[in-house]
Amino acid sequence: MVALGVAALVSLPLAVGALPARSDSRSAGELVEAVRRSGAAGYSGYAEAVGGLRLPLTADFSTLTDLFGDRTRLRVWWRGELATGETGLRRDIEGLWTWEYERGTALRTTDPAVRLPRAADLEPGALGRRLLSEARPAELSRLPARRVANRDAPGVRLLPADPGTTVDRVDVWVDGVTGVPLRVEVYGVGAGRPVVET
């Protein structure tokens, strides 16, 4: 009986994850509005970002090569436009605080004129909000819902209208309750696989 009980408890999350996702009746525009408002929703979790870009390895841009050409693991604690974690970032009017847990240090800096991407930029909520922030209604369409992080996640697709873009499409699956993006896939022009997914 104990073995059956343990087996049932262990298999329950797998069974729930295998359930088909329920969609909702919101339009693509309504989903994007929920995403834009989701910065105030608090959440925590674990995310992985996988980059499929093949960038040259140079001493000046080794962090970019790792970020967009490899796997980045993120533990996220988000509280209203404040991402924290083992490396936390906090922006205020005077600049940026960077807290590094491993080193036990806090560093105060100002953002350079051209800021390079950081690992925190690939967190699904932050990336989804950024990519959909200026989307126009004509560029949006709905995608079938998926189960992401054991949640029903309706999907929205952004097809950029700018003829000079190198992005073919951006697919985002959103928590149906909070509007927080749970999964983001970015496809380059002519690419069969995402160049970045998180």
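Residues numbered from 1 in each chain as written. Predicted model: local features only at pLDDT ≥ 70, side-chain atom pairs only at ≥ 80, totals over all residues. Heavy atoms only, no water.

## What to know about the overall build of the protein chain
Rules: Numbering of helices and strands starts at the N terminus; helices are DSSP runs of H or I of at least 4 residues and strands are runs of E of at least 2. Note on exposure labels: buried denotes an accessible area under 20% of the residue type's maximum, exposed denotes more than 50%, and partly exposed covers the range between, all computed with a 1.4 Å probe on protein chains only. Contact between two residues is taken to exist if any of their heavy atoms lie within 4.5 Å; hydrogens are not considered. Surface exposure here means Shrake-Rupley accessible area, sampled with a 1.4 Å probe, where a residue is shielded only by the protein chains that are shown.
On a plain count of helices and strands, the protein chain comes out with four helices and eleven strands. Here the protein chain, with 198 residues, has 34% of them falling under the buried criterion. The long-range share in the protein chain, meaning contacts at least 24 apart out of those at least 6 apart in sequence, stands at 48%. Of the roughly 12300 Å² of accessible surface on the protein chain, 58% is carried by carbon and sulfur atoms.

## Thoughts on the nonpolar core
The condition is simple: As used in this record, nonpolar core signifies buried Ala, Val, Leu, Ile, Met, Phe, Trp, Tyr and Cys residues forming a set joined through side-chain atoms within 4.5 Å.
In terms of nonpolar packing, the biggest core is built from 20 residues, with L132, L140, V156, V172 and V196 touching the most fellow members. The set of elements that each furnish at least two residues to this core consists of α2 (28-37), α4 (124-132), β8 (151-158), β9 (167-174) and β10 (181-188). The residues contacting V156, other than those within four sequence positions of it, are A28, L31, V32, L132, L140, S141, R142, L143, V170, D171 and V172. Listed in part, the seven residues of the second largest apolar core include Y43, A47, V76 and V180.

## Quick word on the pattern of salt bridges
Quick reminder of the rule: One speaks of a salt bridge when a side-chain nitrogen belonging to Lys or Arg is within 4 Å of a carboxyl oxygen belonging to Asp or Glu.
With the rule as written, the count across this model stands at 14 salt bridges. In this structure, the salt-bridge partner of E48 is R73, at a minimum N-O distance of 3.6 Å. You can see E48 sitting in strand β1 (residues 43-51) and its partner R73 sitting in strand β2 (residues 71-78), a full 25 residues away along the chain. R73 sits in the exposed class, given a relative accessible area of 55%. Through salt bridges that share partners, R146, R183, E185 and E197 make up one connected network.

## With respect to the packing of aromatic side chains
Quick note on the threshold: A pair of Phe, Tyr and Trp rings is counted when the ring centres sit within 6.5 Å of each other, with Trp represented by its six-membered ring. The angle between the planes then sorts it: under 30 degrees is stacked, over 60 is edge-to-face, the rest tilted. By definition, being over a ring means that NZ of Lys or CZ of Arg is both within 6 Å of the ring centre and within 35 degrees of the ring normal.
In the structure shown here, the tally under the stated rule is zero aromatic pairs. One residue, R146, lies across the ring of W173, its end atom 3.9 Å from the ring centre. Its guanidinium or amino end placed over the ring of Y187, R169 lies 3.6 Å from that ring's centre, counting from NZ or CZ.

## Points about unusual backbone geometry
A positive phi angle is found at A149, which is not glycine, with a value near 55 degrees. Examined against the element boundaries, A149 turns out to sit in the loop between β7 (140-148) and β8. One non-glycine residue, N150, lies in positive phi territory at about 60 degrees. Residue placement: N150 occurs in the loop between β7 and β8. Here N150 falls in the partly exposed class, since its relative accessible area comes to 44%.

## Description of the packing of α2 against α4
Filter applied, for reference: Angles shown run from 0 to 180 degrees and are taken between the N-to-C directions of axes, each axis being a line fitted to C-alpha atoms and, for helices, limited to the stretch in contact. Roughly parallel refers to an angle under 35 degrees, roughly antiparallel to one over 145, roughly perpendicular to one between 65 and 115, and oblique to any angle outside these ranges. Helix crossings fall into two classes, left-handed where the near helix is turned counterclockwise from the far one by less than a right angle and right-handed where it is turned clockwise. For this scheme, ten residues count as nonpolar: Ala, Val, Leu, Ile, Met, Phe, Trp, Tyr, Cys and Pro. Four count as charged, namely Asp, Glu, Lys and Arg, and the remainder, Gly too, count as polar.
Two elements in contact, α2 and α4, have axes whose closest approach is 9 Å; the angle formed by their N-to-C orientations is 125 degrees. For the element pair α2 / α4, the angle class is oblique. The crossing of α2 and α4 is left-handed. Across the interface between the two elements, V32, V35 and R36 from α2 touch G128, R129 and L132 from α4. Residue composition of the contact of α2 with α4, grouped by class: three nonpolar, one polar and two charged.

Nothing here speaks to function; it is all geometry.
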